[in-house]
Amino acid sequence: DAKTTQPNSMESNEEEPVHLPCNHSTISGTDYIHWYRQLPSQGPEYVIHGLTSNVNNRMASLAIAEDRKSSTLILHRATLRDAAVYYCIKNLGGNEKLTFGTGTRLTIIP
Amino acid sequence: NAGVTQTPKFQVLKTGQSMTLQCAQDMNHEYMSWYRQDPGMGLRLIHYSVGAGITDQGEVPNGYNVSRSTTEDFPLRLLSAAPSQTSVYFCASRLDRVIETQYFGPGTRLLVL
């Protein structure tokens, strides 16, 4: 079961939008797309998840491609506190086994 | 709610020693899991539980035991510590099979000499 593919690192300027891409070409119809982030020296923190439609919450937006083989996490206005490693995970609905890759390390430039 | 709590925050062991990492949650979550994170890597699942009295193995279970006698607690036992078990350990919980969100604890940093 192939995992997702993310860039190792990205940089963005403070107060600008950030688009974090994720490829999941082997996704099945019942796989959810999850995003978690891990701030330095902390446990992972849930960001957002979705199945087919685009999703919005107070932290971010998730844009899912029509064929569901890729998705983009959008932080609308990055702050220094958003500097973290962001993990994109595809997971069978109801499955408790989250499989983490190495994620994207996001650096925010003041 | 305190959420997911873990103790201790940091521990040093000698090879061959045993210890128990504690994890508790006060959210009445059915699912609980243990992950380990090695430097520069993502998290790997060790063991998980879908309810009191039910546990199962994850990706890297060797050298670890778990039990789930209550909904709130999910301790992780190292029977005979090895240097390869030096890592940061995270406990997580999830409400049930329907709600996808997992909540993670702050982690326990373990050093085995």
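Our subject is the structure listed above.
Scoring rules and cut-offs
Residues numbered from 1 in each chain as written. Chains lettered and ligands numbered in written order. Predicted model: local features only at pLDDT ≥ 70, side-chain atom pairs only at ≥ 80, totals over all residues. Heavy atoms only, no water. Pairing = 2+ DSSP bridges. Helix = DSSP H or I, 4+ residues; strand = E, 2+ residues; numbered from the N terminus. Axes fitted to C-alpha atoms, helices over the stretch in contact; angles between N-to-C directions. Phe/Tyr/Trp six-rings, centres within 6.5 Å; stacked < 30°, edge-to-face > 60°. Buried < 20%, exposed > 50% of the residue type's maximum accessible area, 1.4 Å probe, protein only. Contact = heavy atoms within 4.5 Å. Buried area = accessible area lost by both parts, 1.4 Å probe. Salt bridge = Lys/Arg side-chain N within 4 Å of Asp/Glu carboxyl O. Polar contact = N/O pair within 3.5 Å; in protein donor to acceptor, adjacent residues only side chain to side chain.

Caption draft 1: Local environment of the sheet that holds strand S8 (residues 76-78) of chain B. Residues and elements named next belong to chain B. Taken together, four strands build an open sheet; the order of strands is S1-S3-S8-S7 and the sheet is antiparallel. Every interior strand has two partners, whereas the edge strands, strand S1 (4-7) and strand S7 (64-66), have only one. Across the sheet, the axes of successive neighbouring strands diverge by a mean angle of 20°, strand direction being ignored. Taken together, the three bridges between strand S3 (residues 19-25) and S8 define a ladder with antiparallel strand orientation.

Caption draft 2: Inspection of the packing of aromatic side chains at higher detail. Residue and element names in this part refer to chain A. Taken as a whole and judged by the stated rule, the model has eight aromatic pairs over all chains. Judged by centre distance (5.2 Å) and plane angle (80°), the ring pair of Tyr 87 and Phe 100 falls under edge-to-face. Taken together, the residues span a long stretch of sequence, with Tyr 87 in strand S8 (residues 84-92) and Phe 100 in the loop between S8 and strand S9 (104-109) at a distance of 13 residues. Overall, Tyr 87 belongs to the buried group, its relative accessible area being 2%.

Caption draft 3: Highlighting the interface of chain A and chain B. Listed by partner, the interface residues are 20 residues for chain A and 20 residues for chain B. When chain A packs against chain B, close to 1600 Å² is buried across both sides, 52% of that on carbon and sulfur atoms. Where chain A touches chain B, the interface holds zero salt bridges. At the surface where chain A touches chain B, the tally comes to three residue pairs in polar contact (both at pLDDT 80 or more). Counting residues per element, the ones that place at least two in the side of chain A that touches chain B are strand S3 (31-38), strand S4 (45-50) and S8 of chain A. The element best represented in the side of chain A that touches chain B is S3 of chain A, accounting for four residues.

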